[in-house]
Amino acid sequence: MDKDIWTFLSETRQPVVIYGTGDGADKLFSILEDLHVRVRAVFASPGFVRSRTFHGYKVRSFEDCLAEYGREMVVLMVFGSRDPEVMSYILHVAECCTLLIPDLLFDEDHKPFRTEYASRHAREIEKAYRRLGDEESRKVFEAAIRNKLTGSTEELMKGVSDERENWKLLQIREGDSFFDAGAYNGDTLSLFLSFTENYGRIYACEPDPKSFRRLKARAEGLRDTELYQAAVSECPGTMNFTFGKGRGNAKGGNGVIRAESIDSILRGRSVSVIKYDIEGEEERGLKGAASTIREYRPRILLSAYHKTDDLWVLPKVVGAIRDDYTYLLRRSVCMPLWDLSYFLI
């Protein structure tokens, strides 16, 4: 596809069908309405069809839509999954027709990622690309930009790798201390501990009450561990927050939570590894750890997929604090463009 996905959709005469329901589909309907793109049908994965409607459309099966619209239909997938069975079914859909997975993150003008947006930020994108420390990182970066532009399933599946293999880039060793910013239910804490039981100290922050309870249960019995029911940001204080399902938390909304910075928690203490997965607060979270990063140069695992410009903004933020990191970019297997992370070593 030479055009960006939104230009293609506004010009195509092929029937357009949406795969999935929920918040992503709500956002997609709004974009397509602005582009005057007609949606023909909505379908869900097997087991999720049931007897229901969405935006006035009866939720159908893929097989039903394929029978009516044929292989010419364009399917737009609007949900995320890491489940191997679901991903296998998604790839089955892609074999039967054109399957696109649009990037639904908005830019500063509340617009989706388009060719003109990429052109406007070309210098910043190129600068981030030049920072990358190996060929695999460049492959992942290029595929991510192309996927953002085109929604291509083929580009999405390029350069994906096993999460544990990616974590080996952090070179975790005995005596390392770990700061888990956005600890969720303790899954990444467990991953860290699988590399070393003889750790120095553990710090973990998670704002969601339900996830924090699970984190506490998982951390029970661990020595030298500090857990904080708080979001990680630039400064201590409070933050408006929306609690979603699973990992679907976001800044803003009616909820009010405690916020901490990494510097305020550590108070000058060292840390070996910092992991950031804080729902779009990564830039502020980095600035809130500037003293720690400047003084101790921790290895950093940095999520780069919550905001449309994370790929090029976050390296610039780190570079302003220290200019001696090697930047490696990796992505774990999932759909859509999630789990895209910088490993700073």
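Because the structure is predicted, anything quoted here is derived from the model rather than measured.

Rules used in this analysis
Residues numbered from 1 in each chain as written. Predicted model: local features only at pLDDT ≥ 70, side-chain atom pairs only at ≥ 80, totals over all residues. Heavy atoms only, no water. Helix = DSSP H or I, 4+ residues; strand = E, 2+ residues; numbered from the N terminus. Polar contact = N/O pair within 3.5 Å; in protein donor to acceptor, adjacent residues only side chain to side chain. 1 Å grid on protein atoms, 1.4 Å probe; cavity = no way out; pocket = protein on both sides within 12 Å on 5 of 7 lines; lining within 4 Å. Points joined across faces, edges and corners; volume = space filled by probe spheres on them. Pairing = 2+ DSSP bridges. Core = buried A, V, L, I, M, F, W, Y, C linked by side-chain atoms within 4.5 Å. Buried < 20%, exposed > 50% of the residue type's maximum accessible area, 1.4 Å probe, protein only. Phe/Tyr/Trp six-rings, centres within 6.5 Å; stacked < 30°, edge-to-face > 60°. Contact = heavy atoms within 4.5 Å. Arc of directions from axis to C-beta. Axes fitted to C-alpha atoms, helices over the stretch in contact; angles between N-to-C directions. Parallel < 35°, antiparallel > 145°, perpendicular 65-115°, else oblique. Nonpolar A, V, L, I, M, F, W, Y, C, P; charged D, E, K, R; others polar. Disulfide = S-S within 2.5 Å.

A.B. asks: Is there a simple way to explain the side chain of Thr12 in this structure?
C.D. replies: Of note, Thr12 is situated in the loop between α1 (5-11) and β1 (16-19). For Thr12, the side chain forms a polar contact with the main-chain nitrogen of Gln14, separated by 3.0 Å.

A.B. asks: Is there a simple way to think about empty space enclosed by the protein in this case?
C.D. replies: Space left empty within the atom packing is revealed by a probe, the size of a water molecule, rolled over the atoms. By the definition in use, this model includes two cavities of 30 Å³ or more. Of the voids in this model, the second largest cavity is the one considered here, and its volume is about 40 Å³. Val140, Ala143, Ala144, Asn147, Glu155, Leu156, Lys158, Arg331 and Leu337 are the residues that line the second largest cavity. Among the elements of the structure, α7 (135-150) and α8 (153-156) are those that each provide at least two residues to the lining of the second largest cavity. Sorting elements by how many residues they give to the lining of the second largest cavity places α7 first, with four residues.

A.B. asks: Whenever I open this one, the sheet that holds strand β3 (residues 53-54) confuses me. Can you help?
C.D. replies: Within a sheet, each strand pairs with its neighbour through backbone hydrogen bonds, oriented either parallel or antiparallel. One open sheet holds the six strands; their spatial order is β3-β4-β2-β1-β5-β6, and the pairing between them is mixed. Strands with a single pairing partner mark the edges of an open sheet, and in this sheet they are β3 and β6 (98-100). Of the strand pairs in this sheet, β3 and strand β4 (residues 57-60) are connected by two bridges, and their pairing is antiparallel. Residue pairing across strands places Phe54 opposite Tyr57, the latter belonging to β4.

A.B. asks: Any chance you could explain the nonpolar core here in plain terms?
C.D. replies: Nonpolar side chains in soluble globular proteins tend to end up buried together. Phe179, Tyr276 and Tyr342 are the most contacted members of the largest nonpolar core, which has 67 residues in total. Of all the elements, helix α15 (residues 310-321) adds the most residues to this core, at seven residues. One finds Phe8, Ala25, Ala44 and Leu104 within the second-largest nonpolar core, a separate group that totals 23 residues.

A.B. asks: I tried to follow the packing of aromatic side chains on my own but got confused; where do I start?
C.D. replies: Centre-to-centre distance and the angle between the planes together describe a pair of aromatic rings. In total, this model carries 14 aromatic pairs according to the counting rule given. Between Tyr19 and Phe79 the ring centres are 4.9 Å apart and the planes differ by 80 degrees, which places this aromatic pair in the edge-to-face class. Highlighted residues: Tyr19 in strand β1 and Phe79 in the loop between β5 (74-77) and α4 (84-96), separated in sequence by 60 residues. Consider the rings of Phe29 and Phe54, whose centres lie 6.1 Å apart with planes at 50 degrees: the pair is tilted.

A.B. asks: Sorry if this is basic, but what is going on with the environment of Trp6 here?
C.D. replies: By the element assignment, Trp6 lies in helix α1. Apart from residues no more than four positions distant in its own chain, Trp6 is found in contact with Leu28, Ile31, Leu32, Leu35, Pro102, Asp103, Leu104, Pro112, Phe113 and Arg114. Reaching out from Trp6, the side chain makes a polar contact with the backbone oxygen of Phe113 at a distance of 3.4 Å.

A.B. asks: Got a minute to help me understand helix α11 (residues 209-219) in this structure?
C.D. replies: Because the α-helix completes a turn every 3.6 residues, residues three or four places apart line up on one side. The complete set of buried residues in α11 reads Ser211, Phe212, Leu215 and Ala219. Mapping the buried residues of α11 onto a view down its axis gives an arc of 100 degrees, with all of them on the same face. Turned more than 90 degrees away from the buried face of α11, the exposed residues are Arg213 and Ala217. Its side-chain oxygen at 3.3 Å from the backbone nitrogen of Lys210, Asp208 defines the N-terminal cap of α11. Residue Gly221 follows α11 closely and has a positive phi angle near 90 degrees.

A.B. asks: Looking at this structure, how should I read the packing of helix α3 (residues 62-69) against α4?
C.D. replies: For any two helices packed against each other, the geometry comes down to the angle between their axes and how far apart the axes lie. Closest axis-to-axis distance for the α3/α4 pair is 12 Å, and the angle between their directions is 5 degrees. Judged on the interaxial angle alone, α4 and α3 are roughly parallel. Every residue of α4 that contacts α3 at Phe62, Glu63 and Leu66 is listed here: Tyr89, His92, Val93 and Cys96. Taken together, the residues of the contact of α3 with α4 sort by class into five nonpolar, one polar and one charged.

A.B. asks: Any chance you could explain the state of the cysteines here in plain terms?
C.D. replies: Between two cysteines, a covalent bond joining their sulfur atoms is known as a disulfide. Counted by the stated rule, this structure contains zero disulfides. The structure places no disulfide on Cys65, whose sulfur is separated from the nearest cysteine sulfur, that of Cys97, by 9.4 Å.

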